[in-house]
Amino acid sequence: MEGALIARDRVGVQDFVLLDSHTSELAFLDNLRKRYRENLIYTYIGTLLVSVNPYKELDIYTIKQMEQYKGVNFFELPPHIYAIADNAYRDMCTEYNNHFILISGESGAGKTEASKKILQYFAVTCTTTEQLQIVRDRLLLSNPVLEAFGNAKTLRNDNSSRFGKYMDIQFDFKGAPVGGHILSYLIEKSRVVHQNPGERNFHIFYQLLEGGEEDLLRGLGLERDPQKYMYLIQGDCAKVASINDRSDWRTVQKAFAVIDFSERNTENLFGVIASVLHLGNIQFEEDSNGHAIITKGTQIKWISKLLGVHLSILQEALTHRKIEARFEEVLSPLNVDLAFYARDAVAKAIYGRTFTWLVNKINGSLANKDLTKKMVIGLLDIYGFEVFETNSFEQFCINYCNEKLQQLLLEMTLKAEQEEYKLEDIEWEPIPYFNNKIICDLVEEKHKGIISILDEECLRPGEATDLSFLEKLEEKVGTHAHILTRKLADQKTRKSIDWMDFRLLHYAGEVTYCTVGFLEKNNDLLYRNLKEVLCKSKNGILRECFHLSELDNRRRPETVATQFKNSLASLIEILMSKEPSYIRCIKPNDDKAPDKFDNSLIKHQVKYLGLMEHLRVRRAGFAYRRKYEHFLQRYKSLCPATWPHWRGSPAVGVEKLVKHIGYKPEEYKLGRTKLFIRFPRTLFATEDAFEYRKHLLIARIQAKYKGCIGKREFQKMRRAAIKLEACWRGVLARKLAKRRMWAAQTIRKYIKSFINRKDPLNPENKDFVRLVRCNYLTKLRDYVPKNVLDKTWLKPPELLVETSELLKKLCIRNLVRKYCRSITAERKAQLDQKVVTSAIFCGKKERYAESVPVPFADTRLQENELSPKVLQMIRHEKVKYVTSVVKYDRKGFKPRERLLVLTRIAGYILEAAKIKQKIEYAAIKGISASSLSDGILVIHLPDDTKQKEGDVVLHCEHIFETVTKLCMLAKKEDVVSVAEGSLQFQLGAGKEGTIIFTAGKESRIYRAPNGQLIVVSPKIKS
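Each chain carries its own residue numbering, running from 1 in the direction its sequence is written. Residue-level local features of this predicted model are given only where pLDDT is at least 70; pairs of side-chain atoms are given and counted only at 80 or more, and the full residue set underlies all totals for whole chains, interfaces and linings. Water and hydrogen atoms play no part in the side-chain values, which are based on all heavy atoms of the structure.

We now examine the overall build of the protein. For helices the rule is a DSSP run of H or I covering at least 4 residues; for strands it is a run of E covering at least 2, with both sets numbered from the N terminus onward. Within the protein, the secondary structure is distributed over 36 helices and 31 strands. Values of the radius of gyration come from C-alpha atoms, whereas the globule rule sets the reference at 2.2 Å times the count of residues to the power 0.38. Relative to its length of 1022 residues, the protein is extended, with a C-alpha radius of gyration of 42 Å against a globular reference of 31 Å. Looking at the protein as a whole, 49% of its 1022 residues qualify as buried. For the protein, the share of sequence-separated contacts (at least 6 apart) that also reach a separation of at least 24 residues comes to 63%. Only four residue types enter the tally: Lys and Arg on the positive side, Asp and Glu on the negative side; His and the chain ends are excluded. Note that the charge is assigned to NZ on lysines, CZ on arginines, CG on aspartates and CD on glutamates. Between the mean site of the 162 positive side-chain charges and the mean site of the 129 negative ones, the protein shows a separation of 8 Å. To sort residues, take the accessible area from a 1.4 Å probe on protein chains only and compare it with the maximum for the residue type: under 20% means buried, over 50% means exposed, and anything in between is partly exposed. In what follows, residue pairs with any heavy atoms lying within 4.5 Å of each other are defined as contacts.

Time to look at the packing of helix α11 (residues 263–280) against helix α14 (residues 336–366). Packing of α11 against α14 leaves a shortest axis separation of 9 Å and a crossing angle of 160°. Taken together, α11 and α14 sit at an angle that is classed as roughly antiparallel. Viewed along their axes, α11 and α14 form a crossing whose handedness is left-handed. Touching N265, L269, V272, I273, V276, L279 and G280 of α11 are R343, V346, A347, I350, Y351, T354, W357, L358 and K361, all from α14. Each axis is a line fitted through C-alpha atoms, and for a helix only the stretch in contact is used; angles between axes span 0 to 180 degrees, taken between their N-to-C directions. Note that the term roughly parallel is reserved for angles under 35 degrees, roughly antiparallel for angles over 145, roughly perpendicular for angles of 65 to 115, and oblique for everything else. Working rule for handedness: look at the near helix, and if it is turned counterclockwise from the far one by less than a right angle, call the crossing left-handed; if clockwise, right-handed.

What follows concerns the pairing of strand β21 (residues 895–903). Two strands are said to pair when DSSP picks up at least two bridges between them. The sheet contact formed by strand β20 (residues 879–888) and β21 spans nine bridges and is antiparallel. When the sheet's bridge partners are listed, V885 is paired in β21 with R898. Following β20, the chain reverses through six residues before pairing antiparallel with β21; G892 in that reversal takes a positive phi of roughly 85°. Judged from the four bridges that link them, β21 and strand β22 (residues 906–911) form a sheet pairing that is antiparallel.

Another aspect to go through is the layout of surface pockets. Only protein atoms enter the 1 Å grid used here. Points where a 1.4 Å probe fits but cannot escape make up a cavity, open sets with protein on both sides within 12 Å along at least five of seven lines make up a pocket, and a residue lines them when an atom lies within 4 Å of a point. Grid points are joined across faces, edges and corners, and a volume is the space filled by probe spheres set on the points. For the second largest pocket, the calculated volume is near 1500 Å³. In terms of lining, the second largest pocket is formed by 42 residues, of which the most central are T47, N87, D91, E420 and K674. Taken together, the elements giving at least two residues each to the lining of the second largest pocket come down to α4 (81–95), α15 (393–423), β16 (579–586), α26 (611–619) and β17 (624–627). At eight residues, the largest contribution of residues to the lining of the second largest pocket is made by α15. Three categories are distinguished: nonpolar for Ala, Val, Leu, Ile, Met, Phe, Trp, Tyr, Cys and Pro, charged for Asp, Glu, Lys and Arg, and polar for the others, with Gly belonging to the last. Tallied by class, the residues present in the lining of the second largest pocket amount to 15 nonpolar, eleven polar and 16 charged.

What counts as a salt bridge is simple: a side-chain nitrogen of Lys or Arg found within 4 Å of a carboxyl oxygen of Asp or Glu. The full count for this structure, using the stated rule, is 41 salt bridges. The residue D441 makes a salt bridge to K437 at a minimum N-O spacing of 2.8 Å. Taken together, the positions of D441 and K437, both in helix α16 (residues 437–444) and four residues apart, correspond to about one turn of that helix. For D441, a relative accessible area of 23% gives the class partly exposed. On the accessibility criterion, K437 (40% relative accessible area) is partly exposed. Where D767 meets K749, a salt bridge forms, and the shortest distance between an N and an O atom there is 3.7 Å. On the criterion of sequence distance, the pair formed by D767 in helix α31 (residues 766–780) and K749 in helix α30 (residues 696–755) is long-range, its members being 18 residues apart. Look at D767 and you get buried, because its relative accessible area is 15%.

Pairing is mixed in the open sheet, where seven strands are placed in the order β1-β2-β16-β3-β12-β6-β7. Each of the sheet's edge strands pairs with one partner strand only, and the pair in question is β1 (42–45) and β7 (177–185). Within the sheet, the average angular offset between the axes of one strand and its neighbour, ignoring direction, is 20°. Relative to strand β12 (residues 375–383), strand β3 (residues 99–105) is paired through seven bridges, and the arrangement is parallel. Counted as the bridge partner of L102 is L380 from β12. Packed onto the sheet, helix α2 (residues 25–37) meets β1, β2 (48–52) and β16 and runs at close to 150° relative to β1.

Our focus in this paragraph is a nonpolar patch on the surface. Together, I747, I751, F754 and I755 line one region of the surface with nonpolar side chains, adding up to about 420 Å² of accessible area. With respect to the element layout, I751 can be found in helix α30. Patches here: salt-bridge-free residues with over 30% relative accessible area, like charges joined within 9 Å, nonpolar side chains (Val, Leu, Ile, Met, Phe, Trp, Tyr) joined within 5 Å. Only the protein chains shown count as cover for residues, and the accessible areas themselves come from Shrake-Rupley with a 1.4 Å probe.

As a further point, take the packing of helix α13 (residues 311–319) against helix α21 (residues 528–535). The geometry of α13 relative to α21 is characterised by a closest axis approach of 8 Å and an angle of 155° between their N-to-C directions. Comparing their axes, α21 and α13 come out roughly antiparallel. The two elements α13 and α21 meet at a crossing, and its hand is left-handed. Between α13 and α21, the contacting residues are I313, L314, A317 and L318 on the first element and N529, L530 and V533 on the second. In terms of residue class, the contact of α13 with α21 is built from six nonpolar, one polar and no charged.

Bringing the pairing of β20 into the picture now. Judged by how many residues are buried, β20 sits mostly within the fold: eight of ten residues are covered. Sheet analysis places β20 next to strand β26 (residues 952–956), joined by three bridges and oriented antiparallel. From the neighbouring strand, K887 faces β26, where its bridge partner is L954.

The next thing to look at is the nonpolar core. Ranked by internal contacts, the top residues of the largest apolar core, which has 115 residues, are F122, F149 and F205. In terms of residue count, α14 provides more of this core than any other element does, 15 residues in total. Among all residues touching F149, those that are not within four sequence positions of it are I187, F202, I204, F256, L269, I273, Y351, F355 and L358. Side-chain atoms within 4.5 Å link the members of a nonpolar core, which is a set of buried Ala, Val, Leu, Ile, Met, Phe, Trp, Tyr and Cys residues.

Attention now moves to the environment of A464. Looking at the element boundaries, A464 is found in the loop between α17 (450–459) and α18 (466–477). Between the C-alpha atoms of A464 and R37, which are 427 residues apart in sequence, the distance is 54 Å. Here A464 is in contact with E457 and L519, once residues within four sequence places are set aside.

In space, the three strands of this open sheet follow the order β13-β14-β15, with antiparallel pairing throughout. Two strands bound the open sheet, and with one partner strand each, they are β13 (483–485) and β15 (509–514). Strand-to-strand twist of the sheet, defined as the mean angle between neighbouring strand axes without regard to direction, takes the value 25°. Strand direction decides the pairing type here: strand β14 (residues 501–506) and β15, joined by six bridges, are antiparallel. Paired with H506 across the bridge in β15 is G509.

Moving on, we get to the environment of L18. By secondary structure assignment, the location of L18 is in the loop between α1 (8–11) and α2. For L18, a relative accessible area of 2% gives the class buried. Spatially, the C-alpha atoms of L18 and F684 are 8.6 Å apart, while their sequence positions differ by 666 residues.

Residues Q299, I300, I303, S304, L306 and L307 constitute the buried set of helix α12 (residues 298–307). Looking one or two residues past α12, G308 carries a phi angle of roughly 70°, positive in sign.

Now for the side chain of S275. Relative to the assigned elements, S275 resides in helix α11. Classification of S275 as buried rests on a relative accessible area of 0%.

Turning our eyes to something else, we now look at the packing of aromatic side chains. Pairing of aromatic rings covers Phe, Tyr and Trp, the last counted by its six-membered ring, and requires centre-to-centre distances within 6.5 Å; plane angles under 30 degrees mean stacked, over 60 mean edge-to-face, and any other angle means tilted. Applying the stated criterion to the full structure yields 31 aromatic pairs. A ring pair is formed by F100 and Y582, whose centres lie 6.2 Å apart and whose planes are at 85°; its orientation type is edge-to-face. Of this pair, F100 sits in strand β3 while Y582 sits in strand β16; the two residues are 482 residues apart in sequence, bridging distant segments of the chain. Looking at F100, the relative accessible area reads 0%, which means it is buried.

With that settled, the discussion passes to the environment of V443. Its place among the elements puts V443 in helix α16. What makes V443 buried here is its relative accessible area of 2%. The spatial distance from the C-alpha of V443 to the C-alpha of C397 is 9.6 Å, given a sequence separation of 46 residues. With near-sequence residues (within four places) excluded, V443 lies in contact with F396, Y400, G449, I450, I451 and L504.

See the structure below:
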């Protein structure tokens, strides 16, 4: 490693711990960029490996490379994934303890490839026998099977793992791999039924359709075209150039044979996969009662056949839900939405449990029957910290997992540092770091954490919603320093948090989660009658996945979040019992392009992988440590006492060496077997001195020779420069004289033109006139009116008055044309209404001028806010406008809160779910309003109406809007009158009433002792 320091300016340092500016994120990124450009994709942070995906094949994974790293000291060779694997293997063999290698990073960062490289390294470098070769083949070929069923194309990665995987590789006392065990975490079941644009479902579906034999597809009722399956077309990218589904299918088939799958197993497995595709094509429609029925029976018949369930029972289970009453069970029909939900829930449950069965099956083939104690190296390929534009339940679980792993990483790193200090008799210095236990407790604490609150909402009786969950969060953990909601945030922060969001302050930064769908995803419920059908399936896999004992257990199953928390706690417990190694994978760009380094994207990943925090912990003590023998062997030439041979103990030799070099006491410590150097600059200075020492003589020879050559060249160049300077001065002088002559002629010409500027255009004044025109038009460009109301115009010179007028007319015409073209249909409709309003009220009613700039609303209440009963009664009429009104009845003018509903046929006055009065547009005799600022509206009806209810007296908040809408729908613009002072109207049965309009200090409407209705409007200041 030390030998590479001389090229650090070009290729950076191999270990970030040696960065002088170890707290600078810019220095970190710069070092990573330098190495990436030189195809050096691996860099250490102590014993942690940072790997950058090159998106191209590099010649660094050959068998020769594997042999080169086998059994070599960790820091002796450049950083490599083989060094991590070999170091873990050698420590396991020598110390007889268990190890794990944690691989994390974003989708597309190369985690899956990294785990493959480690498995290949163990397969090639470990001792082998014929029996062990079978185990190795099964270990290696378990990957293609798990990738087929657990990986998919996403926007970020064509082979993205949609589940977390922990694999234990078991070794015997000789260090030979003899077995393995796999644990899977949080398979993304929702992908089975829904994919975002540009993404695919799991690979196995496409592999089966592309590579399956004709007889197999015929037996499964499938066709080769993925476009015929609803679950495969949502992402609109069934074919991907970088994926060869036919070749991958052959690999999976080979893997099934090696992993010891029976023919019956594969037949049942493909039956499950095919049944999921058929499920996606089941469609529902409503019958006359609004209940869901299956439209076509072809798909359901294939599912019945493939899963071995009775057709009528399956059909009933997909369209009904079993509800358990106190003494009986009732089948409740589902509507179409619930039927689609049930269909998707079945598909997700079948696929999710089949994946678990598949992992267990692989574990069975990898299991070692020998009960003697084994040593283990675990590979944890887990999702990295995720932050998207919209973060949901899945991102919450994934980021919680990363919080726990970050906590584990820091704790184990600090523990390893403390142990090394103790072994070397060096005083431990406490290291300050951010302990994210507070965030882990916020999420997982019993009865108080977010998961407990979420479970409580899912399990409690009553109407639980995502909003009620958010409110419960605010109530129970709202005072916590690491959580925010819109309600809890300050004025500035509130703008960036939606009403359904909450924000967690993770170790890696803030993440805002949208709670929509949290309860549904956490419950992940499958209707009981559907579970009964699957428990009775004749398909061998489903019989193992769905046990009849589940039906006897009346307890509600654990929620997804609790299952994940428990499995994560179990995983942490497993990891805590092992010695750690870490690989952090980084994606250099989103385009999957080689040699492209996206600074902002990588900065984002460095932050969320916690690399700067890890580097800070590693650098808090000593940046460099090396055994005395190695340090002395490299740098002994720097001290006369140790050069050329040192005969004493290495520790004494190193002590003499560092004193001669001039190390200060605070720059180093001497341990039992190692030298500890605190600052990278101390090591750099030593390495630079060593490099200088090596090349001192040759540098002197080169300096002398280069001096002679340089002197000759300088003298030659000096003579040439003098000659060139002389010639160039002459050229410049001639150019200057020519330019002065041209300037004098130009000035003379324009003075003469200015004198004759008022004469008709002629050769003597044309230059000045052109200049004036040009200047005016150039200035005019900045003073052109921006709209038709802008009357400003740049004053023209006398020469251009006529031209200026023509340009002004053209400009105004163009602005008018643009304005007319910009008017939309909606705007035109608004203007039409405003024209009608103007014709009725302009100059007649107070506050008309204030209403002109305010657009009319399409309706003041939405149709869905009306009573369903009312909507049913007027279902054949199109609702055009709804507004709240106050109706004054005939007996005592008592005010009643009502709704005025205008349809294209008639008007209705509603009270809650009742139609109180229907007003036929044809029957409207007149419409009256006052000239004051009140909102009184009188609809005059003929005396011969059946009800004889008289005229309708209403008070509207939006009087101009309501009258205009009513007039236009009734086509009665000409019957509107604006009354001054008083208004006569019919009370019914030949009786007349009077409304008196007056101005006062405040608005009032009351019945006078003489029986008249008095309307007082506030005075409008003129």
